[in-house]
Amino acid sequence: MADGMYHPTTPEIAARRKELAPHAHEAFEAFSRAVFAEGALPEKTKQLIAVAVAHTTQCPYCIQGHTKLAHRKGATDEEIMEAVWVAAEMRAGGAYAHSTLALEVLDKFHH
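Keep in mind it's a predicted model, so treat the numbers as computed, not measured.

Calculation notes
Here, residues in each chain are numbered from 1, in the same order as that chain's written sequence. Thresholds applied to this predicted model are a pLDDT of at least 70 for local features of residues and 80 or more for the giving and counting of side-chain atom pairs; totals over whole chains, interfaces and linings are not thresholded and use all residues. Excluding hydrogens and water, the side-chain figures rest on all heavy atoms present in the structure. Every helix listed is a DSSP run of H or I at least four residues long, and every strand listed is a run of E at least two residues long, numbered separately from the N terminus. Contacts are residue-level and defined by heavy atoms, with any inter-residue pair within 4.5 Å sufficient. To estimate the expected span of a helix, count its residues, drop one, and scale the result by 1.5 Å. Only protein chains enter the accessibility calculation, which uses a 1.4 Å probe; a residue is then buried when its area is under 20% of its type maximum, exposed when over 50%, and partly exposed in between. Working definition: the arc comes from the directions between the helix axis and the C-beta atoms, pointing outward to the latter. In summary, the pairing rule links any two rings of Phe, Tyr or Trp, Trp by its six-membered ring, whose centres are within 6.5 Å, and it sorts them by plane angle into stacked for under 30 degrees, edge-to-face for over 60 and tilted for everything else. When a carboxyl oxygen of Asp or Glu lies within 4 Å of a side-chain nitrogen of Lys or Arg, that pair is called a salt bridge. As annotated, the domain borders come from an automatic or database domain assignment. Joining two parts hides part of their accessible area as seen by a 1.4 Å probe, and the buried area is that hidden amount summed over both.

Here we look at the side chain of H66
Phase 1 of the analysis: Mapped onto the elements of the fold, H66 is located in helix 4 (residues 60-72).
Phase 2 of the analysis: Once you skip the residues sitting within four places of it in the chain, H66 turns out to touch F36, Q47, A50 and V51.

Now the structure itself:
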């Protein structure tokens with residue numbers, strides 16, 4: 001990550017989060033394990049979805065972590081990059097779709 005832009009995560013920070021809210025921390029970890037467990041979708045697919053979503057939410061920690069996990073679950077570099085492109089299209093698609101709001105405002109000026 002860019003120096004200074006995002007605070008690096010450390011074992012000490014993780015321990016402090018857990019110390020300050022142990023029940024919520026454990027619930028979140030249990031939820032995460034359940035979500036990413038093998039199920040109707042294979043773990044690799046879930047990690048590729050997470051890579052795409054992380055790019056859409058623009059969380060650098062999630063991008064790094066889920067890219068590593070996707071790779072560990074067998075995703076190729078090409079599959080990971082395609083997931084990123086899906087995220088990019090969805091983000092751009094949202095802007096395109098919401099242009100209807102701007103067009104509605106502009107139409108009021110012309111009527």
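Thoughts on the side chain of Q47
Phase 1 of the analysis: With respect to the helices and strands, the residue Q47 is situated in helix 3 (residues 43-57).
Phase 2 of the analysis: Those residues in contact with Q47, other than ones at most four positions away along the chain, are F36, H66, L69, A70 and K73.

Quick word on helix 4
Because an α-helix completes one turn every 3.6 residues, residues spaced three or four positions apart along the sequence face the same direction.
Phase 1 of the analysis: If you check helix 4, its first and last C-alpha atoms are 18 Å apart, about what 13 residues at 1.5 Å a residue would give, namely 18 Å.
Phase 2 of the analysis: Residues of helix 4 that are buried include every one of P60, H66 and A70, and no others. For helix 4, the angular spread of the buried residues around the axis is 140°, confining them to a single face. In helix 4, the exposed positions angled more than 90 degrees off the buried face are occupied by K68 and R72.
Phase 3 of the analysis: Those residues of helix 4 that are buried are in contact with helix 2 (22-36), helix 3 and helix 5 (77-109).

A word on the packing of aromatic side chains
Phase 1 of the analysis: A complete count under the given rule lists 1 aromatic pair for this structure.
Phase 2 of the analysis: Look at Y6 and Y61: their rings are 6.2 Å apart centre to centre, the planes differ by 80°, and that puts the pair in the edge-to-face class. Of the two residues, Y6 sits in the segment before helix 1 (11-20) while Y61 sits in helix 4, which places them 55 residues apart along the sequence.
Phase 3 of the analysis: We classify Y6 as partly exposed; its relative accessible area is 33%.

Observations concerning the pattern of salt bridges
Phase 1 of the analysis: The final tally for this structure, using the stated rule, is 4 salt bridges.
Phase 2 of the analysis: Ionic pairing is found between K73 and E43, a salt bridge with its closest N-O pair at 2.9 Å. Here the residue K73 occupies a position in the loop between helix 4 and helix 5, and E43 occupies one in helix 3, the gap between them amounting to 30 residues.
Phase 3 of the analysis: Since its relative accessible area comes to 40%, K73 is described here as partly exposed.
Phase 4 of the analysis: Close ionic contact of E79 with K44 constitutes a salt bridge, the shortest N to O distance being 3.0 Å. Of this pair, E79 sits in helix 5 while K44 sits in helix 3, and the two are 35 residues apart along the sequence.
Phase 5 of the analysis: Note on E79: relative accessible area 28%, which makes it partly exposed.

Quick notes on the domain arrangement of the protein chain
Phase 1 of the analysis: With domains assigned, the protein chain is organised as domain 1 (8-37) and domain 2 (41-110).
Phase 2 of the analysis: Opposite the 5 residues of domain 1 that make contact, domain 2 presents 7 residues.
Phase 3 of the analysis: For the domain 1 and domain 2 pair, buried surface summed over both sides reaches about 420 Å², with 57% attributable to carbon and sulfur atoms.
Phase 4 of the analysis: In this structure, the connection of domain 1 to domain 2 is made through 0 salt bridges.

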